[in-house]
There are 2 protein chains.
Amino acid sequence: MDRAIELAIANVRSARGGPFGAVVVRGGQVVGEGANRVTASNDPTAHAEVLAIRDACARLGTFVLSGCEIYTSCEPCPMCLGAIYWARLDRIHFACTQADARDAGFDDAFLYSEIRRDPAGRSIASASEGRERALAAFEEWKQSASRISY
Amino acid sequence: MDRAIELAIANVRSARGGPFGAVVVRGGQVVGEGANRVTASNDPTAHAEVLAIRDACARLGTFVLSGCEIYTSCEPCPMCLGAIYWARLDRIHFACTQADARDAGFDDAFLYSEIRRDPAGRSIASASEGRERALAAFEEWKQSASRISY
């Protein structure tokens, strides 16, 4: 956690992104690191946890981080929590909370309230169209001999 | 939506990832595209929507996609929905549903149920530690003259 916090503070001082840092650890060794790069890299998905996961996967040559844990300087937002699930991490260690993030001007708590709503009640409108045509992709997937599940 | 579905089907046939495609559109023009590349690129965050958002931001040179809409062959998972909020997209058009994705073996519906739970009830354990030390990053952020908010 010391390293995650160090990354967060260094990120503010270098003006490269928001005050967030994260590391992925396996067996006591850091195997991935990330600090927020949203503004510096023009990438709204470049949160510390996402970058730490991508770094660990690249270093370990896998898309599955079972056996690893993540340390993050702030409670993961819904996007990052989703990334943590998809990466199959074993455990989350977080320092600050989504309320702390809100007090610093970030939308994490708002996103949790939005994601809990039904789509019709969310601030970003969504509409369904073309489902029948799109189901063909799933049908091909189910029948594909070369598919790699994840 | 035709293009998003086309990307999804082509992705299955080329065995480069899951059966998902997405495009970001501004004023009737496609400004970003993505197809799932989780397994091909060893990146569990490489969902179609995330890649389409990253592509659009790179092409447009911005981290804010206000004025743009996303078309995706399947309802966004919580990670992708979070990415859509952080990117400030105006509207979501989706084809298949999270139930369709579940029937094809994907965890989207499970993730929605997990994210709605309190952290203590989730299948990935989480613990808080070091909050007092980590708050220093937020304090520096609030006082930073060079910060770029997002």
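Residues numbered from 1 in each chain as written. Chains lettered and ligands numbered in written order. Predicted model: local features only at pLDDT ≥ 70, side-chain atom pairs only at ≥ 80, totals over all residues. Heavy atoms only, no water.

Caption draft 1: Region of interest: the packing of aromatic side chains. Taken as a whole and judged by the stated rule, the model has 12 aromatic pairs over all chains. Seen in terms of ring centroids, A:Phe20 and B:Phe138 are 5.5 Å apart; in terms of plane orientation they differ by 75°. Their pairing is edge-to-face. Of this pair, A:Phe20 sits in the loop between helix H1 (2-13) and strand E1 (21-26) while B:Phe138 sits in helix H6 (residues 131-143), on two different chains. In terms of burial, A:Phe20 and B:Phe138 fall into one category: buried. Ring centres 4.9 Å apart and planes at 75° place the aromatic pair B:Phe20 and B:Phe106 in the edge-to-face group. Of this pair, B:Phe20 sits in the loop between helix H1 (2-13) and strand E1 (21-26) while B:Phe106 sits in the loop between helix H4 (98-103) and helix H5 (108-116); the two residues are 86 residues apart in sequence, bridging distant segments of the chain. (Phe/Tyr/Trp six-rings, centres within 6.5 Å; stacked < 30°, edge-to-face > 60°. Helix = DSSP H or I, 4+ residues; strand = E, 2+ residues; numbered from the N terminus. Buried < 20%, exposed > 50% of the residue type's maximum accessible area, 1.4 Å probe, protein only.)

Caption draft 2: Structural context of the packing of helix H6 (residues 131-143) of chain A against H1(B). The contact between H6(A) and H1(B) brings their axes to 9 Å, and the two run at 10°. As far as their axial angle goes, H1(B) and H6(A) are roughly parallel. Each of A:Arg133, A:Ala134, A:Ala136, A:Ala137, A:Glu140 and A:Trp141 in H6(A) lies in contact with H1(B), whose residues at this interface are B:Asp2, B:Ile5, B:Ala8, B:Ile9, B:Val12 and B:Arg13. Of the residues belonging to the contact of H6(A) with H1(B), the class tally is 8 nonpolar, no polar and 4 charged. (Axes fitted to C-alpha atoms, helices over the stretch in contact; angles between N-to-C directions. Parallel < 35°, antiparallel > 145°, perpendicular 65-115°, else oblique. Contact = heavy atoms within 4.5 Å. Nonpolar A, V, L, I, M, F, W, Y, C, P; charged D, E, K, R; others polar.)

Caption draft 3: Highlighting unusual backbone geometry. Residues and elements named next belong to chain B. With phi around 55°, Ala15 is a residue other than glycine that occupies positive phi space. Tracing the chain through its elements places Ala15 in the loop between H1 and E1. With relative accessibility at 35%, the residue Ala15 sits in the partly exposed group. With phi around 50°, Asn42 is a residue other than glycine that occupies positive phi space.

Caption draft 4: Region of the structure containing the interface of chain A and chain B. Contact with chain A, which involves 90 residues of that partner, is made by 89 residues of chain B. Across the chain A/chain B interface, buried area totals approximately 7,900 Å², and carbon plus sulfur atoms make up 64% of it. Its largest share of buried area at the contact with chain B, chain A owes to A:Tyr85, A:Trp86 and A:Tyr150, together 11% of the area lost on that side. Joining chain A to chain B, the criterion identifies 29 residue pairs in polar contact (both at pLDDT 80 or more). A per-element tally of the side of chain A that touches chain B places H6(A) first, with 10 residues. Here the side of chain A that touches chain B is composed, by residue class, of 49 nonpolar, 20 polar and 21 charged. (Buried area = accessible area lost by both parts, 1.4 Å probe. Polar contact = N/O pair within 3.5 Å; in protein donor to acceptor, adjacent residues only side chain to side chain.)

Caption draft 5: Region of the structure containing the relation of the copies chain A and chain B. Expressed as a screw transformation, the operator carrying chain A onto chain B has a rotation angle of 180° and an axial translation of 0.0 Å, and the superposed copies differ by an RMSD of 0.0 Å. Taken together, the rotation angle and the small translation identify this as a two-fold axis. Within chain A, the C-alpha atom positioned nearest to the axis of rotation is that of A:Met79, 1.9 Å from it. When the interface residues of chain A are mapped onto chain B, 99% of them are again interface residues, pointing to one common binding face. (Least-squares fit on C-alpha atoms with pLDDT ≥ 70 in both.)

Caption draft 6: View of the sheet that holds strand E5 (residues 125-128) of chain B. Ordered in space as E2(A)-E1(A)-E3(A)-E4(A)-E5(B), the 5 strands form an open sheet in which the pairing is mixed. Looking along the sheet, the strands with just one partner apiece sit at the ends: strand E2 (29-35) of chain A together with E5 of chain B. In this sheet, neighbouring strand axes are inclined to one another by 20° on average, regardless of whether the strands run parallel or antiparallel. Each of E1, E2 and strand E3 (69-74) of chain A touches H1(A); the most contacted strand, E1(A), lies at about 155° to it. Running at roughly 140° to E2(A), helix H2 (residues 48-60) of chain A makes contact with E1, E2 and E3 of chain A of the sheet. (Pairing = 2+ DSSP bridges.)

Caption draft 7: Region of the structure containing the side chain of A:Thr45. Residues and elements named next belong to chain A. Positionally, Thr45 belongs in the loop between E2 and H2. With a relative accessible area of 3%, Thr45 lands in the buried category. Side chain to side chain, Thr45 and Asp43 meet in a polar contact 2.7 Å long.

Caption draft 8: Spatial organisation of the pattern of salt bridges. Tallied over the full model, the rule gives 24 salt bridges over all chains. Of the charged contacts, one joins B:Arg88 and A:Asp107 as a salt bridge, the two residues approaching to 2.8 Å between their closest N and O atoms. Separated into two different chains, B:Arg88 in the loop between helix H3 (78-87) and strand E4 (91-96) and A:Asp107 in the loop between helix H4 (98-103) and helix H5 (108-116) make up a pair that spans both. A salt bridge links A:Glu140 to B:Arg13; the shortest N-O distance between them is 2.5 Å. Of this pair, A:Glu140 sits in helix H6 while B:Arg13 sits in helix H1, on two different chains. By relative accessible area, which is 26% here, A:Glu140 ends up partly exposed. The network of salt bridges with common partners includes A:Arg3, A:Glu6 and A:Glu33. (Salt bridge = Lys/Arg side-chain N within 4 Å of Asp/Glu carboxyl O.)

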